[in-house]
Structure formats: structure tokens, C-alpha cells
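The lines below spell out each chain.
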Amino acid sequence: VVVATGNDSGAVGQPANCNGVIAVTAHARDGDNAYYANVGPQVHLSAPGGHCGSLSYGGPGVCAGPSDLVYSTVNSGTTVAVLEGYGPNAGTSMATPHVSGVASLMLALSPLLTANEVRSVLQSTTRPHPAGSARRGGDEPASGPGANGQEGGLLPVARPRRPHGQSCWPWW
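One structure accompanies this document, and this report is about it.

What follows is about the sheet that holds strand E3 (residues 45-48). Sheet architecture is open: three strands sit in the order E1-E2-E3, paired in parallel fashion. Lying at the two open borders of the sheet, with one neighbouring strand each, are strand E1 (2-4) and E3. On average, adjacent strands in this sheet sit at an angle of 45 degrees to one another, irrespective of strand direction. As paired elements, strand E2 (residues 22-27) and E3 share four bridges and run parallel to each other. By the bridge assignment, His27 is partnered in E3 with Pro48. Against the sheet, helix H1 (residues 92-109) engages E1, E2 and E3, with an angle of about 125 degrees to E2.

Okay, structure coming up:
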């Protein structure tokens, strides 16, 4: 089970702190933890979640660094489904599908993988947080290569490229 760690800028709570899950936090484009992301020793991986990082967040609406959002499905209804489409969002719930998608592809190729094997492969193929980025939720900069057990490494996700000749979003 792949779960989001939450968006309270605090400790990881249930269900992300339960045994047997893959807990996913969010990072910004620069590799810094997203300012809103819950982090802690229960985190296994970080994936792109949108908005700005902990070190570049200057308060509501203020981001000193790059601030990208993740496109996801949306619905304009507040109590019943109304109009579906795509829209920009940020959060650990935007990061988690990157990890669950990769896990699903792994299981499609090797259906006998155990949950621990999936988590191990995911963690061993991440890249480290960039030098100087915060990876524990506060202003503590990352140092040294790789994940340190306090928080997982970054899941590399390629930026989508528009096919030649296509000028509209979405292009699929």
C-alpha cells in the first residue's frame, strides 16, 4: 500500500506511519521538501508534489524559488459530480501516484514481488536530495549522498515533453 504522509508541515501520522506501507512525502522542483509536506523517520520516498520547497517558502502566496503544480483530475462539484477535467494541485497526494504508478509497473513485469521487495527496489533506485536542500521539513539542509534513513530519496520523474507539432494541453 502506497500512502501520502500528509500536508500539515508536521509529523507523519496514520496511515503513513503504519507498518507495511510505503510512505511518500512531496518535494519541489529543486529537490527541497515541499513546505507543507509531513516528514519523519517513517518516510520511504519523496516524489514531485508541486509548489515550493521549505527553504524558499516565504508565507502564503510567496515562493522565492520555482513553484510548479502537478496536474490531476478535478471535478467542479462540491457535493456531487458536476464537471470533470484537469487542474493544477499540490500536496503529498499529488506525489503518491508517481510512486504507486512505478510500483504498479514493477508488479506488472514481476507479479511475484513482495511488498518489501517493491519498497527495496524503489528506495535503492532513488536519487539523493540535492546539496543545500532541506529534507527533514525544517531549515536543516541536506548533506552527503543518498537517503539517510530519516527520509527517503527522491523518485526521479521526467518532465513531460510535448510531441513535435502539438501545441495544446493535453496532448495524449
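Taking 1.5 Å of rise per residue, 18 residues should cover 26 Å, and H1 covers 26 Å from first to last C-alpha, within 8% of that figure. Every buried residue belonging to H1 is among Thr92, Met94, Ala95, Thr96, Val99, Ala103 and Met106, and all of these are buried. On the buried face of H1, the contacting elements are E1, E2, E3, strand E4 (70-75), strand E5 (84-89) and helix H2 (115-124).

In this structure the tally under the stated criterion is one aromatic pair. Taking the centre distance of 5.2 Å and the plane angle of 80 degrees together, the rings of Tyr35 and Tyr36 count as edge-to-face. Overall, the relative accessible area of 6% leaves Tyr36 in the buried class.

Moving on, we get to the environment of Ala34. Inspection of the secondary structure puts Ala34 in the loop between E2 and E3. In this structure, Ala34 is in contact with Ala26, His27, Ala28, Gly50, Cys52, Gly53 and Ser54, ignoring residues within four places of it in sequence.

Each value, and the rule that gives it
- All chains use their own residue numbering, which begins from 1 and follows the written sequence.
- Only residues with pLDDT of at least 70 get local features here, since the model is predicted, and only at 80 or more are side-chain atom pairs given and counted; chain-wide, interface and lining totals rely on the full set of residues.
- Computation of side-chain values covers all heavy atoms of the structure but excludes hydrogens and water.
- By definition, two strands form a pair when at least two bridges between them are found by DSSP.
- Starting at the N terminus, helices and strands are each numbered in turn, a helix being any DSSP run of H or I of at least four residues and a strand any DSSP run of E of at least two.
- Helix axes are fitted to C-alpha atoms over the stretch in contact, other axes to C-alpha atoms as well, and angles between N-to-C directions run from 0 to 180 degrees.
- Contact between two residues is taken to exist if any of their heavy atoms lie within 4.5 Å; hydrogens are not considered.
- Helix span is expected to be 1.5 Å times the residue number reduced by one.
- We call a residue buried when its accessible area falls under 20% of the maximum for its residue type, exposed when it is over 50%, and partly exposed in between, using a 1.4 Å probe and counting protein chains only.
- Any Phe, Tyr or Trp ring, taking Trp's six-membered ring, that has another such ring centre within 6.5 Å forms a pair; planes under 30 degrees apart are called stacked, those over 60 apart edge-to-face, and the others tilted.

Everything listed is a geometric property; what it means functionally is a separate question.
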